[in-house]
Amino acid sequence: RKEVEQDPGPFNVPEGATVAFNCTYSNSASQSFFWYRQDCRKEPKLLMSVYSSGNEDGRFTAQLNRASQYISLLIRDSKLSDSATYLCVVGDSNYQLIWGAGTKLIIKP
Amino acid sequence: ETGVTQTPRHLVMGMTNKKSLKCEQHLGHNAMYWYKQSAKKPLELMFVYNFKEQTENNSVPSRFSPECPNSSHLFLHLHTLQPEDSALYLCASSQAPGSNSGANVLTFGAGSRLTVL
C-alpha cells in the first residue's frame, strides 16, 4: 500500500464547476498536511496547509479527516488557470514529508 | 535574486560525463533538499542538509554526490549516470526541520531537467 495515495486523474471539469479530490495516507501518526500545486513543466508550489479544523483560502477549501486518514481539496468556481497537478503531502512526527504522485486537473472552457 | 535558483535548467549528458547541478537560496533558510521527480511518480527525496550537515541520504547511488558548502548553496555532482536517471531534479529549501510550524513548508527551485543518453 502506498503511503500517500491520490487518484492520478485527469479530472476534466468545465469552467465554473466545483471539483473535489481526496488523498489518503497510511501513517496514523502523521502530523502535518499540505496541498501543493504543480503546473506543467514547473516546480511544485505550496497551495495551502491543511489544519485539523479545516481551512479555506478564497475558492479553495481543505479538510482533514483523521479518523479515515484522508485530506481533501475542494475548488469552487473553477478557473482555466486552476489546471495543474495537485500534490498531497503528509509529514510525520520526524518532519519527514511523504508525497503523493498528484492528481491532474484540467479545466475546460 | 529571490527564492530558490537552480542551474542549469536543462542538461543533456552521456553516461561517461561528469556534470554538476547548482542550487542557491535567498530565503535565509537553513535546510536544503534534493528531490528527483520522474513522470507520474511521487517526488523522491534524495538528500537533506540541515545547517550544512547532511541529515538524510535515502539510499541514493554513489553516482550522485551532494555538496553543501554553506546554508545558501547546494550542489549535486553527477558521474557515470544511467539513462534511468533522466528526470527533473528539484532543489528546495525550508526553515530547519523542527524549528517551528513553518519548517515543513518547502520552497522549490524551477528544477534541472536531466537527460542521460
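Going along each chain's sequence as written, the residues are numbered from 1 onward. A letter from A marks each chain and a number from 1 marks each ligand, given out in the order of writing. Where totals are concerned, whole chains, interfaces and linings use all residues; where local detail is concerned, this predicted model gives features only for residues with pLDDT of at least 70, and gives and counts side-chain atom pairs only at 80 or more. Hydrogens and water molecules were not included; the side-chain quantities draw on all heavy atoms of the structure.

S.K.: What is the right way to look at the interface of chain B and chain A in this model?
M.R.: Interfaces are often sized by the accessible area lost when the parts come together. Counting residues at the interface gives 19 residues for chain B and 16 residues for chain A. Buried area is calculated as the accessible area (1.4 Å probe) missing from two parts once they are joined, with the contributions of both summed. Across the interface of chain B and chain A, roughly 1500 Å² is buried in total on both sides, 56% from carbon and sulfur atoms. Salt bridge, as used here: a side-chain nitrogen of Lys or Arg that lies within 4 Å of a carboxyl oxygen of Asp or Glu. Linking chain B with chain A are zero salt bridges, by the criterion used here. The term polar contact refers here to a pair of N or O atoms within 3.5 Å; inside protein, the definition further demands a hydrogen-donor-capable atom paired with an acceptor-capable atom, and it admits residues adjacent in sequence only when both atoms are side-chain atoms. Applying the counting criterion to the chain B and chain A interface returns three residue pairs in polar contact (both at pLDDT 80 or more). In this description a helix means any DSSP run of H or I spanning at least four residues, a strand means any run of E spanning at least two, and both kinds are numbered starting from the N terminus. Listing elements by their share of the side of chain B that touches chain A, those giving two or more residues are β4 (31-37) and β9 (87-94) of chain B. The contact criterion used is simple: two residues touch if any of their non-hydrogen atoms lie within 4.5 Å.

S.K.: Whenever I open this one, the sheet that holds strand β7 (residues 60-65) of chain A confuses me. Can you help?
M.R.: Pairing between the strands of a sheet comes from backbone hydrogen bonds, and it takes one of two forms, parallel or antiparallel. Residue and element names in this part refer to chain A. Two strands pair under a simple rule: DSSP has to find at least two bridges between them. Strands sit in the order β1-β3-β8-β7-β6 across an open sheet of five strands; the sheet is antiparallel. Here the strands that pair on one side only, and so sit at the sheet edges, are β1 (4-6) and β6 (55-57). Within the sheet, the average angular offset between the axes of one strand and its neighbour, ignoring direction, is 20°. Looking at chain direction, strand β3 (residues 19-25) and strand β8 (residues 70-75) are connected through six bridges and run antiparallel. Looking across to β8, one finds that phenylalanine 21 is bridged to leucine 73. Here an angle of 0 to 180 degrees is reported between the N-to-C directions of two axes, which are lines fitted to C-alpha atoms, with helices fitted over the stretch in contact.

S.K.: What exactly am I supposed to notice about the pairing of strand β9 (residues 84-91) of chain A here?
M.R.: Consecutive residues of a regular strand have side chains that alternate between opposite faces of the sheet. All names here are of chain A. Each residue is assigned to one of three classes by its accessible area relative to the maximum for its type, calculated with a 1.4 Å probe on protein chains only: buried under 20%, partly exposed between the two thresholds, exposed over 50%. In terms of burial, β9 is largely enclosed, as seven of its eight residues are buried. Examined bridge by bridge, strand β4 (residues 32-38) and β9 share seven bridges and lie antiparallel to one another. Note on β9: the bridge partner recorded for phenylalanine 34 is valine 89. Two strands pair when backbone bridges link them, and β9 and strand β11 (residues 103-108) are joined in this way by three bridges, in the antiparallel orientation. Each residue of the ladder has a partner; that of threonine 85, found in β11, is lysine 104.

S.K.: What is the right way to read the layout of surface pockets from this model?
M.R.: Here the largest pocket is characterised by a volume of approximately 810 Å³. Lining the largest pocket are 31 residues, and of these Thr85 and Ala101 of chain A together with Gln37, Ala39 and Lys40 of chain B sit closest to its centre. Element by element, the count of residues in the lining of the largest pocket is highest for β11 of chain A, at four residues. For the lining of the largest pocket, the residue count by class is 13 nonpolar, nine polar and nine charged. Cavities and pockets are defined on a 1 Å grid built over the protein atoms alone: a cavity is a set of grid points where a 1.4 Å probe fits but cannot escape, while a pocket is an open set with protein on both sides within 12 Å along at least five of seven lines, and lining residues are those with an atom within 4 Å of any such point. Grid points are joined across faces, edges and corners, and a volume is the space filled by probe spheres set on the points. Any residue that is not Ala, Val, Leu, Ile, Met, Phe, Trp, Tyr, Cys, Pro, Asp, Glu, Lys or Arg is counted as polar, Gly included; the first ten are nonpolar and the last four charged.

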